[in-house]
Amino acid sequence: MDLKWLEDFLSLAETKSFSASARNRNVTQSAFSRRIRSLELWLGADLLDRSTYPIRLTDDGRAFREAAEEIVRLVYQGRAGLGGRSAAERAAASIAITALHSLTLTFLPPWLTQLRGEVGEVATRVLPENYALCLQALVEGGYDFMLTYHHPSVPVPLDPARFPHAVIGADRLTAVANTVQFAAWQGRGGRLPLLQYSRGSFLGLLAALAQNQPGAPQTEVVHVNENSLAEALKFMALEGHGIAWLPRQLVESDLAAGRLIVVAPELPMEIRLYRNAGRSRAVVERVWKAAGGQNYAIPE
């Protein structure tokens, strides 16, 4: 259950229009529809009669509307009574970041250390997710920043006016294999086993690009990781199941220890920090300035 689902439902009960409520809630209509459906699935009941226009609440929807209004009222009343001014001050000194899983393990911790040295103490809330869900979290307005890899071959579906970015680091997508197992594969000849990300995933697109570079070995897919976690492919590679394309920072210690070996030319990647320019607080602006971004105002 998410409080914003209740607020979405109450907006829809008022406007009787998905498009109008999506505008009011500052999300896309498709995202708004998914949230309403998530609420219905959580409750186990259909709240809306979608066969009519404008839409109408079902009997269950009318019964739940009163409960939703009371829940939302009590939550905000409770929050107001708990913290007073100190709670507001704590919220003002915190930032919310959504980031790719591998970046939360490698880049984010030392970057936050450096950041706190420049801007002072700041509380952080971090959502590790895949690329698509990171984008959704940023666009829907719940997060100030998104931390991601970038390569020019993969377009970013964000309006640069509303979601500007700063380049704050670099990494390389690196094909690695178990050192002992790779020598055995070479001795046998033929195509080498490849560990693959899910089709259409962000790192999967970059891995396909890297695999087509001159000097990359001929491969055949032997394993697909449907959740596209680079860390999962790393451990498969360490066990000798195949070659995996992984961020260099994720495997640096394994390369230094000789557990893994680089088997193909690397693909350079930027590390970018995107911001939601609609979320502007003093701490957000300090972080943005420290990251190399510029002060920003949403155009009319």
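Residue positions are given per chain, counting from 1 as you read along its sequence in written order. Local features in a predicted model are, by the rule used here, given only for residues with pLDDT of at least 70; side-chain atom pairs are given and counted only at 80 or more, and totals for whole chains, interfaces and linings are based on all residues. Water and hydrogen atoms were dropped before computing side-chain values, which therefore reflect all heavy atoms in the structure.

1. As for the overall build of the protein
Looking only at helices and strands, the protein has 12 helices and 11 strands in total. In what follows, residue pairs with any heavy atoms lying within 4.5 Å of each other are defined as contacts. Sequence separation of at least 24 residues holds for 73% of the intrachain contacts in the protein that already meet a minimum separation of 6. In these tables, accessible area is a Shrake-Rupley quantity obtained with a 1.4 Å probe, and a residue counts as shielded only by the protein chains included in the view. For the protein, the computed accessible surface area is about 15400 Å², with 54% contributed by carbon and sulfur atoms. Where helices and strands are cited, they refer to DSSP runs of H or I of at least four residues and of E of at least two residues respectively, numbered from the N terminus.

2. What to know about the packing of aromatic side chains
To pair, rings of Phe, Tyr and Trp, with the six-membered ring standing in for Trp, must have centres within 6.5 Å; the planes then decide the type, stacked if under 30 degrees apart, edge-to-face if over 60, and tilted in the middle. Taken as a whole, this structure holds five aromatic pairs when the rule is applied. Centroid distance phenylalanine 107 to tryptophan 111: 6.5 Å. Interplanar angle 20°. Geometry classified as stacked. Each member of the pair, phenylalanine 107 as well as tryptophan 111, is classed as buried. Ring centres of tyrosine 131 and phenylalanine 202 lie 4.2 Å apart, and the angle between their planes is 15°; this geometry places the pair in the stacked category. You can see tyrosine 131 sitting in helix α7 (residues 131–139) and its partner phenylalanine 202 sitting in helix α9 (residues 202–211), a full 71 residues away along the chain. Overall, tyrosine 131 belongs to the buried group, its relative accessible area being 12%. Throughout this description, the term charge over a ring refers to an Arg CZ or Lys NZ atom that lies within 6 Å of the ring centre and within 35 degrees of the ring normal. A cation over an aromatic ring shows up here: arginine 125 above the ring of tyrosine 143, its NZ or CZ 4.7 Å from the ring centre. The cationic tip of lysine 234 hangs over the ring face of phenylalanine 235; the distance from NZ or CZ to the ring centre is 5.7 Å. Categorising residues by exposure relies on relative accessible area from a 1.4 Å probe, with only protein chains included: less than 20% of the type maximum marks a residue as buried, more than 50% marks it as exposed, and the intermediate range marks it as partly exposed.

3. Remarks on the nonpolar core
As used in this record, nonpolar core signifies buried Ala, Val, Leu, Ile, Met, Phe, Trp, Tyr and Cys residues forming a set joined through side-chain atoms within 4.5 Å. Core analysis: the biggest nonpolar cluster contains 64 residues, and Ile95, Trp111, Leu147 and Ile168 have the highest contact counts within it. Broken down by element, the residue count for this core peaks at six residues, all from strand β6 (residues 165–178).

4. Some remarks on the pattern of salt bridges
Every case where a carboxyl oxygen of Asp or Glu lies within 4 Å of a side-chain nitrogen of Lys or Arg is listed as a salt bridge. On inspection of all chains with the given rule, the structure shows 22 salt bridges. Here glutamate 266 makes a salt bridge to arginine 172, at a shortest N to O gap of 2.6 Å. Highlighted residues: glutamate 266 in the loop between β10 (260–262) and β11 (267–275) and arginine 172 in strand β6, separated in sequence by 94 residues. Here glutamate 266 falls in the partly exposed class, since its relative accessible area comes to 23%. Ionic pairing is found between arginine 248 and glutamate 252, a salt bridge with its closest N-O pair at 3.2 Å. In this pair, arginine 248 and glutamate 252 are both assigned in helix α11 (residues 248–256), four residues apart and thus about one turn of the helix distant. You can call arginine 248 buried: its relative accessible area is 18%. Take glutamate 252: its relative accessible area is 36%, and that puts it in the partly exposed class.

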